[in-house]
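# Fold and geometry: a report
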Amino acid sequence: MCEAPDVTQAVGVYFHLRLDGLETARAGKKRRRQARGLPVWSQQQYPLRSITRTVVKSDRVADYEDLLKQSVAMAKKAGADRGIFVWRVAAGNTSEYWSVSQLAKYADRDQAPAWVKNIPPGEAAARFARLRNCVVSTTSTIERYRDDLSVVSGTATTPSRYLRLIRTRVRQGKAEEYANLIKSDLLPAYKKAGGQVRVRQVAWGGNRSDFTSTSGFEKWAELDETPAVVKAMGEDAYRKYQEKRAALVTGTDWQILRFLPDLSYIPEAR
């Protein structure tokens, strides 16, 4: 679904970068204990991801990025608990930005953080008007992080420079079979290779048969090499996996995203 950004999004963090909801002290401490040792940008105590894809006018990129920097500065100054993670498409529609915010539960979207509420109404309205001049369209989804289909280590402290993103549409009624194929064939290879992969599944805002897998890399030259997971499986086993996978899916999109650290906010571990 594509639509112009609404007022709530604009006030929240000038559009879609929402750090929705405030944790109670008890729940926050409990989740931080559970997540200690994991990279803050992939902590499993936030099982939901609010993802917004924004297409920006080509002549308004600088203005749009300035709005992002302002919202990041406010979140950092307030010591916000949840991160703002922003990527720009590097292979695909390069005018498209992806933002990801973390949700512990759906109720987190019912209340904006205190630092957002403190923005004077006049200032918020001015920034919203500025935003409207930057954006062509937005598409938002809420997606569930599939820990059972992911392999993540706790060594990294920030996202990789680039993200290899694969969006898969699974045939109707085949989602469970697709998940089982990942568990039986793909995950053992990732573990053997020492690689990482994160998988999400659409919950709201799209087709629940859509799965997204992401893995990071630092240089384009890495794409010239045989993927580590293929080496771990062996070419014959990987070909058979692809044949089984093809019978379960109706289409796949492949994109490369570039992480934008200056437009992102990574909370300090607590």
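Everything discussed here concerns the structure shown above.
A few points on the structure. These figures come from a predicted structure and were not determined experimentally. (Residues numbered from 1 in each chain as written. Predicted model: local features only at pLDDT ≥ 70, side-chain atom pairs only at ≥ 80, totals over all residues. Heavy atoms only, no water.)

Moving on to the overall build of the protein. On a plain count of helices and strands, the protein comes out with 8 helices and 8 strands. Put simply, 85% of the contacts in the protein that link residues at least 6 apart link residues at least 24 apart. For the protein, the exposed surface amounts to about 13500 Å²; the carbon and sulfur share of it is 50%. (Helix = DSSP H or I, 4+ residues; strand = E, 2+ residues; numbered from the N terminus. Contact = heavy atoms within 4.5 Å. Areas by Shrake-Rupley, 256 points an atom, 1.4 Å probe, with all protein chains shown as cover.)

Within this structure, the stated rule accounts for 7 aromatic pairs. Aromatic pair Phe217 and Trp220: ring centres 6.2 Å apart, planes at 75°, arrangement edge-to-face. Owing to a relative accessible area of 2%, Phe217 belongs among the buried residues under this scheme. The ring centre of Trp204 lies 4.4 Å from the NZ or CZ of Arg208, which sits over that ring. (Phe/Tyr/Trp six-rings, centres within 6.5 Å; stacked < 30°, edge-to-face > 60°. Buried < 20%, exposed > 50% of the residue type's maximum accessible area, 1.4 Å probe, protein only. Lys NZ or Arg CZ within 6 Å of the ring centre and 35° of its normal.)

To continue, consider the sheet that holds strand β3 (residues 96-103). One closed barrel accounts for 8 strands, arranged β1-β3-β2-β8-β5-β7-β6-β4; its pairing is antiparallel. Neighbour-to-neighbour, the strand axes of this sheet turn through a mean angle of 35°, independent of strand direction. Each of β1 (48-56), β2 (84-91), β3 and β4 (135-145) is contacted by helix α3 (residues 61-78), which is oriented at about 155° to β2, the strand it contacts most. (Pairing = 2+ DSSP bridges. Axes fitted to C-alpha atoms, helices over the stretch in contact; angles between N-to-C directions.)

Under the definition given, this model contains 15 salt bridges. Here Arg60 and Asp59 are joined by a salt bridge, their closest N and O atoms 3.6 Å apart. Judged by relative accessible area, Asp59 falls into the exposed class, the value being 56%. For Lys105, the salt bridge is made with Asp108, and the minimal N-O distance between the two is 3.1 Å. Its relative accessible area of 40% is what places Lys105 among the partly exposed residues. One network of salt bridges, in which partners are shared, links Asp63, Asp66 and Arg130. (Salt bridge = Lys/Arg side-chain N within 4 Å of Asp/Glu carboxyl O.)

What follows is about the nonpolar core. Formed by 21 residues in total, the largest nonpolar core has its most connected members in Tyr178, Leu186 and Val229. At 8 residues, the largest contribution of residues to this core is made by helix α6 (residues 175-193). Contact partners of Val229, with chain neighbours within four places excluded, come to Leu186, Ala189, Tyr190 and Ala193. One finds Val61, Tyr64, Ala75 and Cys134 within the second-largest nonpolar core, a separate group that totals 18 residues. (Core = buried A, V, L, I, M, F, W, Y, C linked by side-chain atoms within 4.5 Å.)

On the surface, Glu218, Glu222, Asp224 and Glu225 cluster together into a patch of negative charge. Mapped onto the elements, Glu225 comes out in the loop between β7 (210-217) and α7 (228-233). (Patch = residues over 30% accessible without salt bridge, like charges linked within 9 Å, V, L, I, M, F, W, Y side chains within 5 Å. Lys, Arg positive; Asp, Glu negative; His and termini not counted. Charge placed at Lys NZ, Arg CZ, Asp CG, Glu CD.)

Moving on to the side chain of Thr212. Here Thr212 lies in strand β7. At 2.4 Å, the side chain of Thr212 and the side chain of Arg167 are in polar contact. For Thr212, the residues in contact, after removing those within four places along its chain, are Glu143, Leu165, Ile166, Arg167, Arg198, Val199 and Arg200. (Polar contact = N/O pair within 3.5 Å; in protein donor to acceptor, adjacent residues only side chain to side chain.)

On to the pairing of strand β6 (residues 198-204), then. Of all 7 residues making up β6, 6 are buried, and the element is well covered by its neighbours. As paired elements, β4 and β6 share 4 bridges and run antiparallel to each other. In the sheet register, Arg144 faces β6, and the bridge partner there is Gln201. In this sheet, β7 lies alongside β6 in antiparallel orientation, the contact comprising 4 bridges. Pairing of Val199 across the sheet is with Ser213, part of β7. Count of turn residues in the β6/β7 antiparallel hairpin: 5 residues, of which Gly205 carries a positive phi of about 95°.

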